[in-house]
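# Analysis of the macromolecular model
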2 protein chains.
Amino acid sequence: MKDFDLSLYLVTDRRLAGSQSLEAIVEEAVKGGVTLVQLREKDCSTEEFYSIACSMKELLSKHNIPLIINDRLDIALACDADGIHIGQSDLPYEVVRKIIGKDKIVGLSVETIEQAKEANDLDVDYIGLSPVFSTNTKTDINTPLGLEGIKEISSFTKHKSVAIGGISKENTKDIIQNGADGISVISAIIGKADPKKESKELIEIIKDARKELR
Amino acid sequence: MKDFDLSLYLVTDRRLAGSQSLEAIVEEAVKGGVTLVQLREKDCSTEEFYSIACSMKELLSKHNIPLIINDRLDIALACDADGIHIGQSDLPYEVVRKIIGKDKIVGLSVETIEQAKEANDLDVDYIGLSPVFSTNTKTDINTPLGLEGIKEISSFTKHKSVAIGGISKENTKDIIQNGADGISVISAIIGKADPKKESKELIEIIKDARKELR
């Protein structure tokens, strides 16, 4: 059975890592409470992406945290990642599922209410609600879904969901309370002076937000 | 059994296609005598690459010409291509072979005499000798191997070989007579006014060059 927790989903971006190594940042973030890691590298060779993916897989295995690869099914297969995250401009979901098999996690970004409805016909493992707010770290974006979008999609989706885009400590509570199962962050952790502390604070906000809902 | 002919190996580059569709150019080239086609697209989304690969696969199947995908194992798997061509900055050969299986064609670029020697320990289906001459259509290149490089590698390689880089009607004869099993071209066909005619002329030069060797 696929067992994963979307609560605090870290997406990588080496460009924000500054002088620290990406591996060191990710390890600190995991110690702070990150529950899932997506390796997302757009500007590197296949060889380099594979090399980073292998070292990330080794690191995360030790902490029992699943590694998800963004877009590149070849890299996911090559490093035996736990899953893949695809967007609307990547390989079609059915093709990905057929090749990667049913035991791996496949996440799909939905950018509109319509796409979220369509995803109900697919056996994806989670949907990414993208973007919730406007952001500078992703460029291929539609109009933000906003908190209203999260609320609406949460009312009908059969899938677990994670909110993506423009998420910080300030809006995390609202996102969880509008129905997302977790938040996905890049710059709220990577590039911060203390990734472990930031992760801890975020996971606390998430837990508190859920408690209030009970 | 993998049955393929390296004689006239067309590598695509949409940027050179001009106002013609890449599919139309490739079909003309195949009618002219191209024996193998490699889809090589560096600047497009995965979705777009996949879409082109599927239509190319359909087109080439009709003509019984194998389709090879450059670098991207995910695209090769997704469109059920006949094989993949990897360079020295792509996934490692063993990883690719393990995932794609033994029935598909795997070609490997070698850029030095040393790499050609190392390739003798691998069960690749062919090696690409790259680059033979300097070229403007590939940027990730070492010092050209030259005709001397082809001759030397041909003296010890156990693999079939295709020469890549800077190849035209003017130097095709020398390349074949120095030991390559075929030539790989981009701009000698794509972007020309009559791709069929260019392909015909190239294949004639190749045949004549082989006859002279007998």
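Residues numbered from 1 in each chain as written. Chains lettered and ligands numbered in written order. Predicted model: local features only at pLDDT ≥ 70, side-chain atom pairs only at ≥ 80, totals over all residues. Heavy atoms only, no water.

## Some words on the overall build of chain A
Looking only at helices and strands, chain A has eight helices and eight strands in total. A compact globule built from 214 residues would reach a C-alpha radius of gyration of about 17 Å, and chain A, at 16 Å, matches this within 12%. The dimensions of chain A, computed from C-alpha atoms along their principal axes, are 40 × 40 × 35 Å. Evaluated residue by residue, chain A yields a buried proportion of 57% over its 214 residues. Put simply, of all contacts in chain A between residues at least 6 apart along the chain, 61% involve residues at least 24 apart. (Helix = DSSP H or I, 4+ residues; strand = E, 2+ residues; numbered from the N terminus. Rg over C-alpha atoms; globule rule 2.2 N^0.38 Å. Buried < 20%, exposed > 50% of the residue type's maximum accessible area, 1.4 Å probe, protein only. Contact = heavy atoms within 4.5 Å.)

## Re the environment of B:Pro144
Residues and elements named next belong to chain B. Assignment of secondary structure puts Pro144 in the loop between strand E6 (126–129) and helix H6 (146–156). Its relative accessible area of 35% is what places Pro144 among the partly exposed residues. Separated by 33 residues in sequence, Pro144 and Glu111 have C-alpha atoms that sit 7.9 Å apart. Pro144 has contacts with Pro131, Val132, Phe133 and Ser134, leaving out every residue within four places of it along the chain.

## Overview of the sheet that holds strand E5 (residues 105–110) of chain A
All names here are of chain A. The strand order around the closed barrel built from eight strands is E1-E2-E3-E4-E5-E6-E7-E8, with neighbouring strands paired in parallel fashion. Between one strand axis and the next, the sheet turns through 25° on average, direction left out of account. In terms of strand pairing, strand E1 (residues 8–11) meets strand E2 (residues 36–39) through three bridges, oriented parallel. Looking across to E2, one finds that Val11 is bridged to Gln38. (Pairing = 2+ DSSP bridges. Axes fitted to C-alpha atoms, helices over the stretch in contact; angles between N-to-C directions.)

## Points about the packing of aromatic side chains
All names here are of chain A. For the coordinates displayed, the defined rule picks out four aromatic pairs over all chains. Here Tyr9 and Tyr126 contribute two aromatic rings whose centre-to-centre distance is 5.8 Å and whose plane-to-plane angle is 75°, an arrangement assigned as edge-to-face. Pair noted here: Tyr9 is in strand E1 and Tyr126 is in strand E6 (residues 126–129), with a separation of 117 residues, a long-range link. A single burial state applies to Tyr9 and to Tyr126, both of which are buried. Taken together, the ring pairs connect Phe4, Tyr9 and Tyr126 into an aromatic cluster. (Phe/Tyr/Trp six-rings, centres within 6.5 Å; stacked < 30°, edge-to-face > 60°.)

## Notes on the nonpolar core
Grouped together as the largest cluster of nonpolar side chains are 126 residues, with contacts concentrated most on A:Ile69 and B:Ile69. What B:Ile69 contacts, discounting residues up to four positions off in sequence, is B:Leu39, B:Phe49, B:Ala53, B:Ile75, B:Ala76, B:Cys79, B:Ala81, B:Gly83, B:Ile84 and B:His85. Among the nonpolar cores identified, the runner-up in size contains 11 residues, and A:Val11, A:Ile105, A:Tyr126 and A:Ile186 belong to it. (Core = buried A, V, L, I, M, F, W, Y, C linked by side-chain atoms within 4.5 Å.)

## Considerations on unusual backbone geometry
All names here are of chain A. Omega for the peptide link from Ser130 to Pro131 comes to -10°, which places this bond in the cis form. Mapped onto the fold, Pro131 is located in the loop between E6 and helix H6 (146–156). The backbone of Asp71 sits at a positive phi, close to 70°, despite the residue not being glycine. Phi at Asp80 is positive, roughly 50°, even though this residue is not glycine. Positionally, Asp80 belongs in the loop between helix H3 (73–78) and strand E4 (83–86). Overall, Asp80 belongs to the partly exposed group, its relative accessible area being 43%.

## Comments concerning the interface of chain B and chain A
With 18 residues of chain B in contact, the opposing surface of chain A contributes 18 residues. Roughly 1,400 Å² is buried in total at the junction of chain B and chain A, and carbon and sulfur atoms are behind 66% of that figure. At the boundary of chain B and chain A, one finds two salt bridges. Between B:Arg72 and A:Asp74 there is a salt bridge, with its nearest N and O atoms 3.9 Å apart. The tally of links between chain B and chain A comes to four residue pairs in polar contact (both at pLDDT 80 or more). Secondary-structure elements contributing two or more residues to the side of chain B that touches chain A are helix H2 (46–63), helix H3 (73–78) and helix H4 (93–100) of chain B. With five residues, H3(B) is the largest single contributor of residues to the side of chain B that touches chain A. (Buried area = accessible area lost by both parts, 1.4 Å probe. Salt bridge = Lys/Arg side-chain N within 4 Å of Asp/Glu carboxyl O. Polar contact = N/O pair within 3.5 Å; in protein donor to acceptor, adjacent residues only side chain to side chain.)

## With respect to the sheet that holds strand E1 (residues 8–11) of chain B
Hydrogen bonds between backbone atoms are what pair the strands of a sheet, whose relative direction is either parallel or antiparallel. All names here are of chain B. Read around the barrel, eight strands follow the order E1-E2-E3-E4-E5-E6-E7-E8 and close on themselves; strand pairing throughout is parallel. Across the sheet, the axes of successive neighbouring strands diverge by a mean angle of 25°, strand direction being ignored. Pairing between strand E4 (residues 83–86) and strand E5 (residues 105–110): four bridges, direction parallel. Residue pairing across strands places Gly83 opposite Ile105, the latter belonging to E5.

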